Amino acid sequence: MPRLVIVSNRVALPRQTSTGGLGSAMHAATQTEGGLWFGWSGKLAERSGASLHRQRHGEVDYVTIDLSRADHDQYYAGFANRALWPLLHYRAGLVEYRRANMEGYLRVNELFADTLTPLLEPDDIIWIHDYHLIPLGAMLRGRGVANRIGFFLHTPLPAAGLLIALPRHQELLGSLASCDLIGLHTDRDQRALEDYFLHEAQATLLPDGRLQDRAGARFRIQAFPISIDTRKVARQAERAGRSPKIQQLRDSLGDRAMVIGVDRLDYSKGLPERFKAYGQLLDRNTELRGQVSFLQIAPHSRDTVPEYRQLRHQLERSAGHINGRYAEPDWTPISYVNRSFPHQLLTGYYRVARVGLVTPLRDGMNLVAKEYIACQDAHDPGVLVLSRFAGAARELDSALLVNPSDTEEVTEALETALTMSLKERRERWQPMYEHLCRYDVSFWRNSFLDTLRQQSPATDQEAADPAAATGRPAAVGSAAAPGPHSSHSRLAKRPVLPESPR
Ligand code: GDG
């Protein structure tokens, strides 16, 4: 069995609390397959990549490098999180593009390629993750790597009309053509990327559904909705539900209904709008005062990015305002907590909550929505209020779907959720839970990797002299090497695609 090599900006090291969706999903995905997981250690050092940190846990080798302050600021905080993240979340107004940051982004991707290449074995399957590493596949090709390479984007992918606002977009996004398979969360994201390649990058559609770029590179774009380890999360929740801490929470709630939100503190998650909707709920429904409590868990993330600091202050003011206005000596309307919790405990909180409030303005998938469903008690399940603009809404369609910008609609959905009959709650929850049991994180991982394995690897000769095979242009940011991905022209058969989870 070929080894799986995962590459992502951050690596979820064993025994670390990870509060990100990529970490949660990839941790679950590596447990069965094993392999190598390479990325940034999360630490700063005087010089980037000066030494490799290695540790083995179970079947997984974790290999990480440190970054210098300048690389961190330009690659991670600068280009990835102030240009790409807002753009990919449809927030063109927040995009801050600086040439120096883009250079830093390319430099760190080159460093990843330089460091990873000698660690690779000929049969390895390489799986690159997320917007931090868009050009990495092309850079590996430029270094003669002929292995199968897959790329998965964890964010949404906006329409081409927005993508072209990014300076050097063709060079950057076009480099994805070096990968054999590009995975996205939803069919909408898939269509947007296909449209971008067909109409902005002069690619053509092949009869077998793949695309071919101007240089002849052939690649497949496909939706693979990410998921969770549903049964494991459900078991955790059941156990946690019996734990003393959760019992204590139940006792403190008494007859009150709890509404829960769990999100990294990020402007894509729609938290100010959510707080406003909850404030309106208390304003409009005097009888609910004292009868409902909202627990919002929002661990800080990306504190070095100014927009995140501003958001923090805004939310502190808003939570303070709601509590100041409605609290009673024995009732706090909103508990806004910026800490992260052990995942097991979180599953207990989900189980206690009568309503899961998941209202991002845009979200690639949103695993919290799926975890909330997995954690419910089948005899007395809670209600999920879910943004239409989370990828999860394409699957969890018996949730109460809302437009998070329409805060009155969210308030009404909360009213409906809090008064919903047990019969309706069960009818809505059951099909979503069954869906998630079938289409869990193993299904996601297997369907992506099976599809990738069906793509033929480039031969050594083609990889060493890629221009001879396809004439593919130079890899983005790479001064020297052409980054062709000649394997594509060798594909003959149409892969057997896994059944769609939708
Ligand atoms: C990105 C995309 C996509 C949260 N707080 C704590 C904690 N968490 C865990 C949750 C969940 C994960 O973090 C969050 O995942 P999401 O999917 O909701 O969101 P992002 O972090 O933005 O993830 C997203 C995802 O990648 C996967 O592709 O779905 O669209 O933005 O698992 O449980 N975990 C612990 N303590 C906390 O306090 N242990």
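Refer to the structure above for everything that follows.
A quick note: this is a predicted structure, and the numbers were derived from the prediction, not measured.

Participant: Mind showing me how you'd approach the overall build of the chain here?
Facilitator: Helix and strand counts for the chain come out as 18 helices and 16 strands. When burial is assessed residue by residue, the chain has 60% of its 502 residues classed as buried. Restricting to contacts in the chain with at least 6 residues of sequence separation, those with at least 24 account for 76%. Total accessible area on the chain stands at roughly 19,900 Å², and carbon and sulfur atoms take up 47% of it.

Participant: Explain the environment of Arg 141 to me, please; I cannot follow it from the model alone.
Facilitator: Relative to the assigned elements, Arg 141 resides in helix α4 (residues 136-142). Each C-alpha atom of the pair Arg 141 and Ser 178 lies 7.1 Å from the other, and the pair is 37 residues apart in sequence. A polar atom in the side chain of Arg 141 sits 2.8 Å from the backbone oxygen of Val 145. At 2.7 Å, the side chain of Arg 141 and the backbone oxygen of Asn 147 are in polar contact.

Participant: Explain the sheet that holds strand β15 (residues 383-387) to me, please; I cannot follow it from the model alone.
Facilitator: Two pairing modes exist for strands in a sheet, parallel and antiparallel, and in both the strands are linked by backbone hydrogen bonds. Spatially, the six strands line up as an open sheet ordered β13-β12-β11-β14-β15-β16, and their pairing is parallel. Every other strand in the sheet has two partners, leaving β13 (334-337) and β16 (400-402) as the edge strands with one partner each. For this sheet the average axis-to-axis angle between neighbouring strands, irrespective of direction, equals 15 degrees. Relative to strand β12 (residues 292-297), strand β11 (residues 257-262) runs parallel, the two being bridged by six bridges. The residue bridging Gly 261 from the neighbouring strand is Gln 296, located in β12. Along the sheet, helix α10 (residues 271-284) makes contact with β11, β12, β13 and β14 (355-358), crossing β12 at roughly 170 degrees.

Participant: Looking at this structure, how should I read the sheet that holds strand β3 (residues 52-57)?
Facilitator: Pairing in this open sheet of 10 strands is mixed, and the strands run β3-β4-β2-β1-β5-β6-β7-β10-β9-β8 from one edge to the other. In this open sheet, the two edge strands, each paired with only one partner strand, are β3 and β8 (204-205). Alignment of strand β9 (residues 211-212) against strand β10 (residues 218-223), held across two bridges, turns out to be antiparallel. Residue pairing across strands places Gln 212 opposite Arg 218, the latter belonging to β10. Of the strands in this sheet, β1 (4-10), β2 (35-44), β3 and β4 (60-67) touch helix α3 (residues 99-116), which is tilted by about 135 degrees from β2.

Participant: Can you help me understand the pattern of salt bridges in this one?
Facilitator: Proximity of charged atoms lets side chains of opposite charge pair with each other. The full count for this structure, using the stated rule, is 29 salt bridges. Among the ionic contacts, a cluster of salt bridges with common partners joins Arg 82, Glu 96, Arg 98 and Glu 307.

Participant: Please clarify how the packing of aromatic side chains should be interpreted in this entry.
Facilitator: Any aromatic ring pair is given by two values, namely how distant the centres are and how the planes are angled relative to each other. Counted according to the given criterion, the structure contains 22 aromatic pairs. Between Trp 40 and Tyr 76 the ring centres are 5.4 Å apart and the planes differ by 55 degrees, which places this aromatic pair in the tilted class. Of this pair, Trp 40 sits in strand β2 while Tyr 76 sits in helix α2 (residues 69-88); the two residues are 36 residues apart in sequence, bridging distant segments of the chain. Here Trp 40 matches Tyr 76 in class, with each residue buried. Connected via pairs of aromatic rings, a cluster forms that spans Trp 127, Phe 152, Phe 224, Trp 444 and Phe 448. The ring of Tyr 90 carries Arg 362 above its face, with NZ or CZ at 3.7 Å from the centroid.

Participant: Just to check I follow, could you spell out the pairing of β11 for this structure?
Facilitator: The side chains of a regular strand alternate, first on one face of the sheet and then on the other. Counting buried residues along β11, six of its six residues qualify, which places the element largely inside the surrounding structure. A two-sided burial pattern is seen for β11, the buried positions comprising Ala 257, Val 259 and Gly 261 on one face and Met 258, Ile 260 and Val 262 on the other. Between the parallel elements β11 and β12, the chain passes through α10 in a crossover that is right-handed. Of the strand pairs in this sheet, β11 and β14 are connected by two bridges, and their pairing is parallel. Directly across from Val 259, in β14, lies its bridge partner Val 355.

Participant: What is the right way to look at the nonpolar core in this model?
Facilitator: When a protein is soluble and globular, its nonpolar side chains tend to lie buried together. Grouped together as the largest cluster of nonpolar side chains are 97 residues, with contacts concentrated most on Val 7, Phe 112 and Phe 197. The greatest single-element share of this core, amounting to 10 residues, is contributed by α2. Two domains each provide a minimum of three residues to this core, namely domain 1 (4-226 + 442-489) and domain 2 (230-438). Setting aside residues no more than four positions away along its own chain, Val 7 makes contact with Phe 38, Phe 112, Leu 116, Ile 126, Trp 127, Ile 128, His 129, Leu 133 and Leu 136. Judged by nonpolar contacts, the second largest core, of 63 residues, contains Leu 181, Val 352, Ala 369 and Phe 448.

Participant: Mind showing me how you'd approach the packing of helix α8 (residues 230-241) against helix α15 (residues 422-438) here?
Facilitator: For any two helices packed against each other, the geometry is given by the interaxial angle and the distance between the axes. The N-to-C vectors of α8 and α15 enclose an angle of 125 degrees; their axes lie 8 Å apart at closest approach. With respect to α15, the axis of α8 lies oblique. In this structure, α8 contributes Thr 230, Arg 231 and Ala 234 to the contact, and α15 contributes Tyr 433, Leu 436 and Cys 437. Of the residues contributing to the contact of α8 with α15, the split by class is four nonpolar, one polar and one charged.

Participant: When you look at unusual backbone geometry in this model, what are you seeing that I'm missing?
Facilitator: Across the chain, the bulk of peptide bonds are trans and the bulk of non-glycine residues have phi less than zero. Within the chain, Tyr 90 stands out as a residue other than glycine whose phi angle is a positive 65 degrees. Counting through the fold element by element, Tyr 90 comes out in the loop between α2 and α3. Overall, Tyr 90 belongs to the partly exposed group, its relative accessible area being 28%. Of note, the phi angle at Gln 202 is positive, near 50 degrees, even though the residue is not glycine.

Participant: Help me understand helix α7 (residues 187-200) in this model?
Facilitator: Each α-helix winds once per 3.6 residues, and so residues spaced three or four apart point in a common direction. Spanning 14 residues, α7 covers 19 Å between terminal C-alpha atoms, matching the ideal 20 Å at 1.5 Å per step. Buried within α7 are the following residues: Asp 189, Gln 190, Ala 192, Leu 193, Glu 194, Tyr 196 and Phe 197. Elements in contact with the buried residues of α7: α5 (160-163), α6 (169-174), β7 (181-184), β9 and β10. Just downstream of α7, Gln 202 is the residue with a positive phi angle, here 50 degrees.

Here is what the cut-offs are and how they apply
- Residues numbered from 1 in each chain as written.
- Predicted model: local features only at pLDDT ≥ 70, side-chain atom pairs only at ≥ 80, totals over all residues.
- Heavy atoms only, no water.
- Helix = DSSP H or I, 4+ residues; strand = E, 2+ residues; numbered from the N terminus.
- Buried < 20%, exposed > 50% of the residue type's maximum accessible area, 1.4 Å probe, protein only.
- Contact = heavy atoms within 4.5 Å.
- Areas by Shrake-Rupley, 256 points an atom, 1.4 Å probe, with all protein chains shown as cover.
- Polar contact = N/O pair within 3.5 Å; in protein donor to acceptor, adjacent residues only side chain to side chain.
- Pairing = 2+ DSSP bridges.
- Axes fitted to C-alpha atoms, helices over the stretch in contact; angles between N-to-C directions.
- Salt bridge = Lys/Arg side-chain N within 4 Å of Asp/Glu carboxyl O.
- Phe/Tyr/Trp six-rings, centres within 6.5 Å; stacked < 30°, edge-to-face > 60°.
- Lys NZ or Arg CZ within 6 Å of the ring centre and 35° of its normal.
- Right-handed = clockwise from strand over helix to strand, strands pointing away.
- Core = buried A, V, L, I, M, F, W, Y, C linked by side-chain atoms within 4.5 Å.
- Domains from an automatic or database assignment.
- Parallel < 35°, antiparallel > 145°, perpendicular 65-115°, else oblique.
- Nonpolar A, V, L, I, M, F, W, Y, C, P; charged D, E, K, R; others polar.
- Expected span 1.5 Å × (residues − 1).

None of the figures reported here should be taken as evidence of function without further support.
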